[in-house]
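# Coordinates in review
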Amino acid sequence: MKTVSTKFEDLSEVILEKLQVGAEVSFRIKGRSMEPTLLDGVDIVTIQAQETYKKYDIVLYLVRGKWILHRIHKVLEDVYLICGDNQIQLETVQKSCIV
């Protein structure tokens, strides 16, 4: 298998298309917000869109053109409260923003 390196943000449309048809997408972690669970530049994650998510699931979402991979801490009616494992402030994310 051939490996191609590119910026994750440059593949936004391709990533969304793949996830919407049920395909898996793999990428190397960039950033420290999920340490010590996921290590910057070391770990590779594979994600696949699900119909529902539950507390403690790690999800991918897009905010202001930036992809974020964080953990769900609370499931509410229309939103999730999400936070990186290496962070303390919860973020409110609309369920529709999770890919």
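The structure this text deals with has already been given above.
So, here is what we can say about the structure in this document. (Residues numbered from 1 in each chain as written. Predicted model: local features only at pLDDT ≥ 70, side-chain atom pairs only at ≥ 80, totals over all residues. Heavy atoms only, no water.)

### Focus: the sheet that holds strand β4 (residues 66-75)
Spatially, the four strands line up as an open sheet ordered β3-β4-β5-β6, and their pairing is antiparallel. Each having just a single partner strand, β3 (58-63) and β6 (91-94) make up the two edges of the open sheet. Going across the sheet, the axis of each strand differs from the next one's by a mean of 55°, ignoring polarity. In this sheet, β4 lies alongside β3 in antiparallel orientation, the contact comprising six bridges. Within the sheet, the bridge partner assigned to Tyr61 lies in β4 and is Ile68. (Pairing = 2+ DSSP bridges. Helix = DSSP H or I, 4+ residues; strand = E, 2+ residues; numbered from the N terminus. Axes fitted to C-alpha atoms, helices over the stretch in contact; angles between N-to-C directions.)

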